[in-house]
Each structure stands twice: as structure tokens, then as C-alpha cells.
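Breakdown of the fold
Here are the chains, one letter per residue:
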Amino acid sequence: MSGKRANGEGSIFPYRNGFAAYVWVTKPDGKRDRKYVYGKTRDEVHDKWVKLHQQAKAGPVATNVPTVASYMTYWLAEVVEPNLAPLTYATYETLSRLYIVPGIGTKRLDGRLSVRDVQTWLNKVAKTCQCCAQGKDDRRPPKSRKCCAVGRCCQDLPAARTVKGIRAVLRSALSQAEVEELVAKNVAALVKLPPIRSRKGKSWSSEEARAFLEASRDDDDYLYAAYVLVLVLGLRKGEVLGLTWEHINWDGWQKPCITHGETFCEHCRDNHDISLVIDKQLQRVRGQLLHRATKTEESDAPLPLPAICVAALRHRHQQQQVAREKAGDAWHDTGMIFTTRYGLPVEPRNFNRSYDSRIARAGIRKITVHDARRTCGSLLVDLDVHPRVAMAILRHADFSITMEIYSQVSSKTTREALRRLGESLDQ
């Protein structure tokens, strides 16, 4: 640069070991104030000064920009916790506390936090043993220490999905900062991460599902109806455990059958309009068992109940009545379908343990509860549920997708065995 200053450059001046400059800007609250930029050389400050002028012309500019740590605290408390699900808040808070704040918490949100900063930080997180970084081994009793605290790094690297989740939380926070006009762009959205291979879902064949349900029914398992709802309706674990008896519409079952003129007709149950409304779920979040609304409104649609589900739920009602009588005054009337022997809600972890134990006894392939939902479509085919009813249960938007599933037919023996399975509880 020449020794002569350009018009307006009088606001650039020596400051400490470098230079500083300021521009008069309009803040988000409408007031005018000075905003300063700093650098080691005059040229560096001049470039920042020009950019700041451009930002001031484009719109409001925040003068007091918080650090990443202080903004994350505000965002979690005022934006996430009041508006999102408790489990979402718990996940976001954990990722922020363990990774974001220790890594880049001291950075200011404006020009001090760049794409390069976030990119190099996330790359470092992916290669850092979190047992060392978070001091996990140091917090263990001296006799239980086995890795970082005794000089043997266990290489507890975060999974690729964890790193992706960290970036997603920071990106969401910076999106809110953009709305509040604290930053000009979302630097986290520009960061590159390696692609993650999606895990191929597993499912049981109709024969395996039948063996699983038969083993549960034969032992009079109190969770038999829950397994039926997971496999036949494709319900999630939390949705099943959150069901109450009020969620079932029995009106259609109590009306006289059109064909036979009977109430509670055993000959043609599928003709009765019995449905199940899914609008609650049970979750354990940070020590609290929450009975709360489902995640999306799409989950709240009433589902028609095939005969096997109706039979299983009626049997479950009988089981609960027996348990209530045995418990006496110790019974807790929660109104829930799946309860312990004293009427309390079933813990999600205990459900997993019972599910895994039942698989072992049935002698079939082990798959997760979530994967068991994938078996739903093939079971509906084998139970001769009408395609239109199956479409409602599977929540397909296109009928052709449902018909693709219905083109896969199991053996006649399996189909007949599944129908008998649903009927056996009423005999």
C-alpha cells in the first residue's frame, strides 16, 4: 500500500502488536455502534475492514458476538429444550458438552470461527482417543484403571456417526445464529466429512417370525402381545410400551357382525372395525421415564387391527386382570397395556432383555427390535390381510409399493400356521 491513506481509512490505526479498525454499523436492535476488527498487519486489517463495510451495507451487524461456548449454552436452554423432544435435547447437550465446547468453545462466532477451524477440529476429533480426551480412565477407581491413566491408550476413537452428529449439532446451532444475525454464514454446513455406509437392515422370514411368536405364546409370555404388535403392525419399541387401553377402539368389535349377526363374532373378525391409535411413547431419558407424545404427527394415525393382534390384546387383558388380583393393594393403576406384575410401566431396557432371551429360547437368528419391524410386510401377506388394510398399517403413500410386498407369497403351510397362531389364544 502507498503511504497516503484512502478516503475513510482513518479508522485503521496501530493497536498493540498490530492494527485495528472500526466501522459504524446498525445492530440487530436498530441502534448504531462501532464494530472493530483486528490483525497483525495493516493489509490484513484493511481486508477485514472492507468486508465489514460490505456487511454493514447489506444489513444489521452484531457488535457483541458471543463465543461458541456461551452461544451453545443459550441455544440449548432457550431454543432446543423448550421446542424439541427431551431425548433430542439430551443428545444435543451431551455432544456439545463432550466435544464442541472443549474443542472450539473459546472461538467467537463471527470471523474468528472459520470453515478451516471446524474442518481441522472435526478431523482431529475423529483421530483422538476419547478415553484420553475426556479423562474417562482417570475417573475410574485406581484398581479399575486399564488404559490412558496407566499409559496404555485404548484408542477409543469416536464412530463416524458420532462425528457426523457433532457436526449436525453445531450446524443446527449456527443456523439459529444466522437467523439472529450473529453470523453471516454457517461454516459448519461447508465442512466435508467422509461418507458413511448405511447399515443393511435385517428381517426375519415368516417361518422365523412364527417360531418366535409361538415360543412366546407357549410360555404365556406377558410381552407376547407386544411382540405381535411389533411384527404385525411394525410399531417401535417406545410406541408399544407407551400404549394404554384407551388407545384401542373396541366399538367395531361390540357391534353385531353383518354376516352372522353376532357380537364378538369369532367367524370373521377382520370384518370388524377395530383400530389402535399410536400417539404416545415411553422413553427413559437421563434417569426419567417419560410417557410423551410421539415424534411426528404422521405416527398418530389409527391403525386397523388384524385378527392376530385383537386375539393377543384380549389375552393380554386377561393376563393383566390376573396380575391385578394377585398384586392387590400393591397394584398401580397406570392404564397401560404392558406393565410389570405390579402395574408399573415396562422399562425399555428390560423389554430388550426379554426380547433377546425369547430369541435365544426360540433358536432363531438374533436381530434388533427395530429390525423386527421390517418383517411386518411379509407377515401381513401371510395373514391374508387385505392389501388396502396393509397399506394403512405400513403407512405407504403409493398402493403399488404395498402390492410389491404382496407379490411375495410364503408356503401354504406357513400361512395356515400363522392364522392358527392368532386363533389359538381364543380356544
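Residues numbered from 1 in each chain as written. Predicted model: local features only at pLDDT ≥ 70, side-chain atom pairs only at ≥ 80, totals over all residues. Heavy atoms only, no water.

Another aspect to go through is the overall build of the protein chain. Regarding its fold elements, the protein chain presents 17 helices and eight strands. The 427 residues of the protein chain split such that 41% are buried. Long-range pairs, those at least 24 residues apart, make up 63% of the contacts in the protein chain between residues at least 6 apart in sequence. Total accessible area on the protein chain stands at roughly 23900 Å², and carbon and sulfur atoms take up 50% of it. (Helix = DSSP H or I, 4+ residues; strand = E, 2+ residues; numbered from the N terminus. Buried < 20%, exposed > 50% of the residue type's maximum accessible area, 1.4 Å probe, protein only. Contact = heavy atoms within 4.5 Å. Areas by Shrake-Rupley, 256 points an atom, 1.4 Å probe, with all protein chains shown as cover.)

A positive phi angle is found at R16, which is not glycine, with a value near 50 degrees. Following the sequence through the fold, R16 ends up in the loop between strand 1 (12-15) and strand 2 (18-26). Not every positive phi belongs to a glycine, and R286 is a case in point at roughly 50 degrees. Mapped onto the fold, R286 is located in the loop between strand 6 (280-285) and strand 7 (288-293). Take R286: its relative accessible area is 49%, and that puts it in the partly exposed class.

L229 and F338 are the most contacted members of the largest nonpolar core, which totals 48 residues. Secondary-structure elements contributing two or more residues to this core are helix 7 (206-218), helix 8 (224-233), helix 9 (237-241), helix 11 (307-327), helix 12 (348-362), helix 13 (369-372) and helix 14 (376-382). If one sorts the elements of this core by residue count, helix 8 sits on top with ten residues. In contact with L229, other than residues within four places in its own chain, are G234, L235, V240, L243, L276, C309, L313 and F338. By size, the runner-up hydrophobic cluster in this structure holds 31 residues, among which are L113, V163, V169 and L182. (Core = buried A, V, L, I, M, F, W, Y, C linked by side-chain atoms within 4.5 Å.)

Here we come to the sheet that holds strand 1. Think of a sheet as strands paired side by side through backbone hydrogen bonds, with each pair either parallel or antiparallel. The strand order 1-2-3 describes an open sheet built from three strands, whose pairing is antiparallel. Edge positions in the sheet fall to strand 1 and strand 3 (32-39), since each has one partner strand and no second. Mean inter-strand twist for the sheet, computed between neighbouring axes without regard to direction, equals 35 degrees. With four bridges joining them, strand 1 and strand 2 adopt antiparallel strand pairing. Within strand 2, the residue paired with P14 across the bridge is F19. Sheet strands touched by helix 1 (residues 42-58): strand 1, strand 2 and strand 3. Its angle to strand 2, the strand with the most contacts, is close to 5 degrees. (Pairing = 2+ DSSP bridges. Axes fitted to C-alpha atoms, helices over the stretch in contact; angles between N-to-C directions.)

All right, on to helix 6 (residues 160-179) then. Here helix 6 spans 29 Å end to end across 20 residues, near enough to the 28 Å set by a 1.5 Å rise per residue. Along helix 6, the residues that are buried comprise V163, G165, I166, R167, V169, L170, A173, L174 and A177. Taken together, the buried residues of helix 6 touch helix 2 (68-83), helix 3 (86-104) and helix 4 (115-126). Once helix 6 finishes, E181 follows within two positions and takes phi at roughly 60 degrees, a positive value. (Expected span 1.5 Å × (residues − 1).)

Take the side chain of T244 next. Turning to its location among the elements, T244 is positioned in the loop between helix 9 and strand 4 (248-249). Excluding residues that lie within four positions of it along the chain, T244 makes contacts with H291, G335, M336 and I337.

To continue, consider the packing of aromatic side chains. In total, this model carries eleven aromatic pairs according to the counting rule given. Taking 4.9 Å as the distance between ring centres and 40 degrees as the angle between the ring planes, the aromatic pair formed by W204 and F212 counts as tilted. Take W204 and F212: they sit in the same class, and that class is buried. Grouping aromatic residues by their ring pairs yields a cluster made of W204, F212, Y227, F351 and Y355. (Phe/Tyr/Trp six-rings, centres within 6.5 Å; stacked < 30°, edge-to-face > 60°.)

A few words now on the pattern of salt bridges. Taken as a whole and assessed by the stated rule, the structure comprises 15 salt bridges. A salt bridge links R97 to E93, with the nearest nitrogen and oxygen atoms 3.0 Å apart. Of the two residues, R97 and E93 are both situated in helix 3; the distance of four residues between them amounts to about one turn of the helix. Of the residues examined, R97 reaches a relative accessible area of 45% and is grouped as partly exposed. (Salt bridge = Lys/Arg side-chain N within 4 Å of Asp/Glu carboxyl O.)

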